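Observations on the three-dimensional arrangement
The primary structure of each chain is shown beneath.
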Amino acid sequence: MSEPGETDGSALVVIDMINTYEHEDAELLLPAAERVVPVLAELIGRARDAGVPVIFANDNFGLWRSHHGELVESALSRPHAGLVEPIRPDDDSLFVVKARHSVFYDTPMSYLLWQLGVGTVVLTGQVTEQCVLYSALDAHIRHLDVTVPRDAVASIHPHLEAAALEMMQRNMGARIVLAKEVDFRGTRWPVPEETAHQPGGRP
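My aim in this report is to walk through the structure given alongside it, one point at a time. Every value quoted in this text rests on a predicted model; they were computed, and no experiment measured them. (Residues numbered from 1 in each chain as written. Predicted model: local features only at pLDDT ≥ 70, side-chain atom pairs only at ≥ 80, totals over all residues. Heavy atoms only, no water.)

On to the pairing of strand E2 (residues 54–59), then. A large share of E2 lies buried, amounting to six of its six residues. Here E2 shows no split at all, with Val 54, Phe 56 and Asn 58 on one side and Ile 55, Ala 57 and Asp 59 on the other all buried. One ladder, built from four bridges, connects strand E1 (residues 9–15) with E2; its direction is parallel. Across the sheet, the residue bridging to Val 14 is Phe 56, located in E2. In the sheet, E2 pairs with strand E3 (residues 94–98) via five bridges, with the strands oriented parallel. Bridge pairing in E3 places Asn 58 opposite Val 97. (Buried < 20%, exposed > 50% of the residue type's maximum accessible area, 1.4 Å probe, protein only. Helix = DSSP H or I, 4+ residues; strand = E, 2+ residues; numbered from the N terminus. Pairing = 2+ DSSP bridges.)

Counting across every chain of the model gives six salt bridges. Ionic pairing is found between Asp 16 and Lys 98, a salt bridge with its closest N-O pair at 3.0 Å. With Asp 16 in the loop between E1 and helix H1 (26–49) and Lys 98 in strand E3, the pair connects residues that are 82 residues apart, well separated along the chain. As far as burial versus exposure is concerned, Asp 16 and Lys 98 are alike and both buried. Members of the salt-bridge network, linked through shared partners, are Asp 16, Asp 59 and Lys 98. (Salt bridge = Lys/Arg side-chain N within 4 Å of Asp/Glu carboxyl O.)

Membership of the largest hydrophobic core comes to 35 residues, with the highest contact counts inside it found for Leu 12, Val 14, Met 17, Ile 18, Tyr 21, Ile 44 and Phe 184. Of all elements in the fold, only E1, H1, E2 and helix H2 (68–76) reach the threshold of two or more residues within this core. Examining the composition of this core, we find that 11 residues originate from one element, H1, more than from any other. Residues Ala 57, Leu 113, Leu 116 and Met 172 belong to the second largest nonpolar core, which totals 30 residues. (Core = buried A, V, L, I, M, F, W, Y, C linked by side-chain atoms within 4.5 Å.)

All right, on to helix H3 (residues 109–116) then. Along H3, the positions that sit buried rather than exposed are Met 109, Leu 112, Leu 113 and Leu 116. Down the axis of H3, the buried set is contained in an arc of 95 degrees. They therefore lie on one face. The secondary structure elements touched by the buried residues of H3 are E1, E2, E3 and strand E4 (118–126). One or two residues past the end of H3 sits Gly 117, with phi positive at roughly 75 degrees. (Arc of directions from axis to C-beta. Contact = heavy atoms within 4.5 Å.)

Reported here for the largest pocket is a volume of approximately 370 Å³. Taken together, 16 residues line the largest pocket, and the ones lying closest to its centre are Asp 16, His 23, Asp 59, Gln 130 and Cys 131. Of the pockets and cavities examined, the second largest pocket occupies roughly 160 Å³. Along its surface, the second largest pocket is lined by 11 residues, and Gly 51, Val 52, Pro 53, Val 54 and Asp 92 are the ones closest to its centre. (1 Å grid on protein atoms, 1.4 Å probe; cavity = no way out; pocket = protein on both sides within 12 Å on 5 of 7 lines; lining within 4 Å. Points joined across faces, edges and corners; volume = space filled by probe spheres on them.)

Relative to the assigned elements, Pro 158 resides in helix H5 (residues 158–172). C-alpha separation for the pair Pro 158 and Leu 29, spaced 129 residues apart in sequence, amounts to 10.0 Å.

In this structure, Leu 137 sits in helix H4 (residues 128–141). Taking the C-alpha atoms as reference points, Leu 137 and Met 167, 30 residues apart in sequence, are found 9.5 Å from one another.

Val 127 follows Gln 126 through a cis peptide bond whose omega is 5 degrees. Within the secondary structure, Val 127 sits in the loop between E4 and H4. The phi dihedral of Asp 25 is positive, around 75 degrees, even though this residue is not glycine. On the basis of relative accessible area, Asp 25 is assigned to the partly exposed category, the value being 33%. In this structure, Asp 106 takes a positive phi of about 55 degrees despite not being glycine. Along the chain, Asp 106 falls in the loop between E3 and H3.

Next up, the structure:
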């Protein structure tokens, strides 16, 4: 693991996957979540094997008295526990509770990544056109490299997901890949050629 202040490390960030699926739009989200969970479980396993930090960033669903253990237990007690069990946090997983869309908004995420020496975040989870998109923007303006495995993110509206992925690539210099292309041994990837000179992108 890198030393604090160094930025040559990577982290896998799992967004809002500890979920009861009892919220608005859940029925639209479920098919995508079912597709993503096996891919994400394999990606989490590879990150753990490589010693890469796995950070769960999750809504508290307005339950301000809840801690992450309660959120996990609640999700596992609901009908869609099968979407949580394969990716549940282990004892080495890190957990950031968030209140709004971005994993950075009023959370210790920036400090945590600095402390871990992370310069590249691999963003996964849900929803692509909401929390993943806004988290990618906040990561970009913090000078972090962003990778998004497009088969490890779930959406409510596929056409908005396609637009969000394009925005992340073109406007934020994100590397959009398949999960199998994420190599945790090489933690910093070049900006795709077509994005290198986009306004707001890296020079």
